[in-house]
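# A closer look at the structure
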Amino acid sequence: MHFDPMVPFKYWDALLIGLWMSVRLTLICLALGIALGFLTSQARRSRLMPLRAFATFYVELFRGTPVLIQLFWIFYCLPLLLGFEPGNFASAVVALTLYAGAITSETFRASLKSIPREQYDTCRALGITGMNLALWVVLPQALLRAIPTLLSNAVALFKESALISAVGMADLMFIGSSISNRTGRPVEMLTAIAVIYFAVAFPLTRVVGRIEARILRRLAV
């Protein structure tokens, strides 16, 4: 069987639908994961030992186990404990959000360490403590320093989203594989899927590099 590069173009509309699902899920989980990651990074700096231990356990668990196993456990095992089935979309959101939260918490933890200790002391001297300190002083600076790594995490999360096809989500990988099985053209379709993922991820990595260089120049001023 000869390679026909025109085969994927016959199904471009279906592939675009799958790509939109992958991008939409990535954006949802990234937004939730950033919020969860910041809260987790704060919890790991807490003076309460049980909270600090729980946050550390969560981060190490989700960073140290494969995302596919996390997805399968949440999709197949969690419903047995909850007594109801949340569905594949909710399971995918929960799994990828927990994974994103774990990796972004490390990003925030590193950026928080780069904030000079004098700023904390100054805020306390001015009476700025607790939630006001975290939201209005710490968070903006942590976000600025973490932007390059957060964008890299977004690219990684987009690529990891291909795993949701394993639980029946109609993402780019699932639709492409279904077309491949139906047409008997796995080489053309899987190549097209790889090219689409690359076409989205590669420009983002270039953008990350440019943004990182600008931020480093700004912080050096």
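My aim in this report is to walk through the structure given alongside it, one point at a time. These numbers come from a predicted model, not from an experiment. (Residues numbered from 1 in each chain as written. Predicted model: local features only at pLDDT ≥ 70, side-chain atom pairs only at ≥ 80, totals over all residues. Heavy atoms only, no water.)

### Section: the nonpolar core
Side chains of a nonpolar character, in soluble globular proteins, are inclined to be buried together. Our working rule: Among buried residues, those of type Ala, Val, Leu, Ile, Met, Phe, Trp, Tyr and Cys that are joined through side-chain atoms within 4.5 Å constitute a nonpolar core. For every residue, the accessible area obtained with a 1.4 Å probe (protein chains only) is divided by the maximum for its type, and the residue is called buried under 20%, exposed over 50%, and partly exposed between those limits. In DSSP terms, a helix is any run of H or I states spanning at least four residues, a strand is any run of E spanning at least two, and both are numbered starting from the N terminus. Residue contacts follow a heavy-atom distance rule, with two residues in contact if any of their heavy atoms lie within 4.5 Å.
The biggest cluster of nonpolar side chains holds 19 residues, and the ones touching the most others in it are Leu25, Leu96, Leu157 and Ile164. At the level of elements, helix H1 (12-43), helix H3 (67-82), helix H4 (88-113) and helix H6 (130-160) are the ones that each hand at least two residues to this core. Among the elements that make up this core, the one with the highest residue count is H4 (seven residues). Sequence-distant contacts of Leu96, that is, excluding residues within four places in its chain, are made with Leu25, Cys29, Val67, Leu157, Ser161 and Ile164. Counting eleven residues, the second-largest nonpolar core is a separate cluster that includes Val7, Ile175, Met189 and Ile193.

### Here we look at the pattern of salt bridges
This is how the line gets drawn: Within this document, salt bridges are pairs made up of a side-chain nitrogen of Lys or Arg and a carboxyl oxygen of Asp or Glu, the two lying within 4 Å of each other.
Under the definition given, this model contains four salt bridges. Among the salt bridges present, the one from Arg109 reaches Glu106, with a minimum N-O distance of 3.2 Å. Pair noted here: Arg109 and Glu106 are both in helix H4, with a separation of three residues, about one helical turn. For Arg109, a relative accessible area of 25% translates into the label partly exposed. Glu188 is the partner of Arg185 in a salt bridge, and the nearest nitrogen-oxygen pair spans 2.8 Å. Per residue, the accessibility class of Arg185 equals that of Glu188, and both read buried.

### So, a nonpolar patch on the surface
For clarity, the threshold we go by: Residues enter patches when they are more than 30% accessible in relative terms and free of salt bridges; like-charged ones are connected within 9 Å and nonpolar ones (Val, Leu, Ile, Met, Phe, Trp, Tyr) within 5 Å. All accessible-area figures derive from a Shrake-Rupley calculation using a 1.4 Å probe, and residue coverage is judged against the displayed protein chains alone.
A surface patch of nonpolar side chains, amounting to about 260 Å² of accessible area, comprises Leu68, Phe72 and Tyr76. Within the element layout of this structure, Tyr76 appears in helix H3.

### Concerning the environment of Cys29
Checked against the element boundaries, Cys29 lands in helix H1. Given a relative accessible area of 0%, Cys29 falls into the buried group. A C-alpha to C-alpha distance of 8.9 Å links Cys29 and Ala92, two positions 63 residues apart in sequence.

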